[in-house]
Structure formats: C-alpha cells, structure tokens
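Chain by chain, the residues run as shown.
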Amino acid sequence: MIQVNQQTLSPNPAPLGPAPAMPRVRILVVDDDDEFRESLSLNLMDEGFAVTTFANGPAVLEHLAAGESADVILLDWRMPGMNGLEVLRELRQRGVMTPVIFLTALSDDIYEEAALAGGAVDFIDKSRRLSILVRRIELIAEGQRPLPDPSQQQPPPQVRLGALELRFDINRAFWKGSAIDLTLTEFRMVSQLALKPGEDVSYRELYDLVHGKDFLAGSGADGYRANVRTFIKRIRKKFRDADPEFDQVRNYAGFGYQWIPG
C-alpha cells in the first residue's frame, strides 16, 4: 500500500522577488477507507498538489455538480453504495471529462480493462510507490494544461545565494554542493525564504504554498502555524544532515521565519 512519505545563479544576480507560483495540480481523492484517504492526501499535499477528499461517489458528484473542477480524480473501485466504475460512468454521462485514475487494491486484468474501457486514463495498484503515482499524475495533468505563455515571467533556472543553490528547472536545492532531499513543498518554502534574505516571511505566506491562499486548518484561526513549524523542522533537519552548522532559517517569534544570508 502507498505509505506516508516522511522523507520521500549566475554570480551577483539582479535582485529577485519570490518565484512566481506555478499552477498547482488540483486532485480529488475518492476512497471510503478513512485512514488510507487521509494518509494519501497528506502525502500528495506535501508533494505540492491541491487535494480535496471524498468518502464516496455521490459526494464527489455533488461537488462537481456545484461547479467545482479538478485536474485529476483518483478513484477507488470498491466503495459501498456506488462503486468506482459507476462513479466514472456517471461522470462521463454528465459530460465531466476530468481524467480519472483508478487507485485500487484490485489487480486483476478484468478490472483494469473495464476501467480503461469506461474512460479511465490509468489504473494503479495501491501497492505501488508514491513516487510512481506522483509522476503519473504529473504526466496526465501536464497533458491537460495549455502551453505556458512565453510572455509570462519565469524564475531563472538556476539561482546561487551564498552556499545555497536553487534549481528551478528540476525543483532541487543544493547546500555547499550537496543535494538536499526536499519535497516540492519544502523546496517552495526554502525558495520563498531564500529569495527574500533577511526579510520576515509570515506563517500565513508559507502555509499558502502548501494549501493555497486563505485555506484554514488546525485548531483555531491560527492553527496552520503548527503545520508550518513541522515543515520548517523537517527542512532544518535535512540541511543539518548535510551541514551540522546550518543555521540559516531563523524564527521571528509570533510572525514567521527569515533566511539569514551566509
């Protein structure tokens, strides 16, 4: 079963603002297994996707009928009341052509053939690694997106800031030449901080990189701060695994964080 992933410039550059936010792939997860659905959604959000979950077919159909949309739907097969194939058929009858990936424990060819014949674009066993699912989602979503507007400003492919190197072409970070194994969300947070060295970046600004602007989570109006602190703790550990002296991410009490140039 797919597991929770704990992992997973040119010299003297011109001043840069924060990298423009890339369009986030919107995913609907439909699965009646509460534990699996929660674990999967957390993993996908950590990889940078915008995720909405549903415990059954009628709920996601109602969501879409209300005018909501998505880039990809991840659909379980065996669900009470209305199975995944019935959900897919209803979607297509309503003219909803969002790509559907079946994510199921049913591995028999007969199910895969029925899913593809019904209009699904992929059929993935739940035992496959998360990285495989993520790549399949990206490939399918990219096929649905229009080509980028060349007139729109894009971040440079490579940025050096002291000992830090950010590679926006591959979403990877390097510290003193060592690759840091960041998730996509962690890479975005590091970029947001490092491209504003010495400036305060709020909890809210960092959290919006995870769930989208104005998303509310946690307990109370400021509950999202605990989520940001968890991300920062993981980011610090990954950098310190490469360099025990790393101390570039500083907390601004009650507000957020700073990247200290060095």
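On a predicted model such as this, the values are computed, not experimentally measured, just so you know. (Residues numbered from 1 in each chain as written. Predicted model: local features only at pLDDT ≥ 70, side-chain atom pairs only at ≥ 80, totals over all residues. Heavy atoms only, no water.)

### Looking at unusual backbone geometry
Despite not being glycine, Lys-176 shows a phi value in the positive range, around 50°. Within the secondary structure layout, Lys-176 lies in the loop between β8 (172–175) and β9 (178–180). A residue is classified by how much of its surface remains accessible, and Lys-176, at 57% relative accessible area, is exposed. (Helix = DSSP H or I, 4+ residues; strand = E, 2+ residues; numbered from the N terminus. Buried < 20%, exposed > 50% of the residue type's maximum accessible area, 1.4 Å probe, protein only.)

### Comments concerning the pairing of strand β12 (residues 256–259)
One ladder, built from two bridges, connects strand β10 (residues 201–202) with β12; its direction is antiparallel. Counterpart to Ser-202 in the pairing with β12 is Gly-256. Direction of pairing for strand β11 (residues 249–252) relative to β12: antiparallel, over a ladder of four bridges. Following the sheet pairing, Asn-251 is matched in β12 by Tyr-257. Counting the residues between successive antiparallel strands, the hairpin from β11 to β12 contains three residues, one of them, Gly-254, with a positive phi of roughly 80°. (Pairing = 2+ DSSP bridges.)

### Notes on the environment of Leu-164
Locating Leu-164 in the fold gives a position in strand β7 (residues 164–167). For the pair Leu-164 and Lys-176, spaced twelve residues apart in sequence, the C-alpha separation works out to 6.5 Å. Each residue touching Leu-164, except ones within four places of it in the same chain, is listed here: Val-159, Ala-173, Phe-174, Trp-175, Val-190, Ala-194, Phe-239 and Trp-259. (Contact = heavy atoms within 4.5 Å.)

### Considerations on the sheet that holds strand β6 (residues 158–161)
Judged by pairing direction, the sheet is antiparallel, and its four strands sit side by side in the order β6-β7-β8-β9 without closing on themselves. Of all the strands in the sheet, the pair left with one neighbour each is β6 and β9. Taking the axes of each pair of neighbouring strands and ignoring which way they run, one obtains an average angle of 25° across the sheet. Here β6 runs beside β7; their pairing, made up of four bridges, is antiparallel. (Axes fitted to C-alpha atoms, helices over the stretch in contact; angles between N-to-C directions.)

### As for the side chain of Asp-31
Tracing the backbone shows Asp-31 in the loop between β1 (26–30) and α1 (34–46). Judged by relative accessible area, which is 2%, Asp-31 ranks as buried. At 2.8 Å, the side chain of Asp-31 forms a polar contact with the backbone nitrogen of Asp-33. When near neighbours in sequence (up to four residues on either side) are disregarded, Asp-31 contacts Phe-36, Arg-37, Phe-54, Ala-55, Asp-76, Met-79 and Lys-126. (Polar contact = N/O pair within 3.5 Å; in protein donor to acceptor, adjacent residues only side chain to side chain.)

### A look at helix α6 (residues 184–194)
Of all eleven residues in α6, eleven are buried, a share of seventy percent or more. Among the residues of α6, Leu-184, Thr-185, Glu-186, Phe-187, Arg-188, Met-189, Val-190, Ser-191, Gln-192, Leu-193 and Ala-194 are the ones counted as buried.

### Quick word on the nonpolar core
Judged by nonpolar contacts, the single largest core of 28 residues is most densely connected at Leu-164, Leu-166, Phe-239 and Trp-259. The set of elements that each furnish at least two residues to this core consists of β7, β8, α6, α7 (203–211), α8 (224–242) and β12. Counting 23 residues, the second-largest nonpolar core is a separate cluster that includes Met-82, Phe-102, Leu-106 and Phe-123. (Core = buried A, V, L, I, M, F, W, Y, C linked by side-chain atoms within 4.5 Å.)

### Focus: the packing of aromatic side chains
Scanning the model with the defined rule gives twelve aromatic pairs in all. On the numbers, 5.2 Å between centres and 45° between planes, the contact of Trp-77 with Phe-102 is tilted. Linking Trp-77 in the loop between β3 (72–75) and α3 (84–93) with Phe-102 in strand β4 (residues 100–104), this pair joins segments that are 25 residues apart in sequence. A relative accessible area of 9% means that Trp-77 is categorised as buried. A centroid spacing of 5.5 Å and a plane angle of 70° characterise the contact between Phe-168 and Phe-187, whose relative ring orientation is edge-to-face. Placement of Phe-168 in the loop between β7 and β8 and of Phe-187 in helix α6 is noted, with a sequence separation of 19 residues between them. (Phe/Tyr/Trp six-rings, centres within 6.5 Å; stacked < 30°, edge-to-face > 60°.)

### Brief notes about the pattern of salt bridges
Under the criterion given, the structure shown has 16 salt bridges. A salt bridge links Asp-34 to Arg-37; its shortest N-O distance comes to 2.9 Å. Here the residue Asp-34 and the residue Arg-37 both occupy positions in helix α1, the gap between them amounting to three residues, near one helical turn. Owing to a relative accessible area of 13%, Arg-37 belongs among the buried residues under this scheme. Salt bridges sharing common partners tie together Asp-46, Glu-186, Arg-234 and Lys-238. (Salt bridge = Lys/Arg side-chain N within 4 Å of Asp/Glu carboxyl O.)

Geometric values such as these leave the question of function open.
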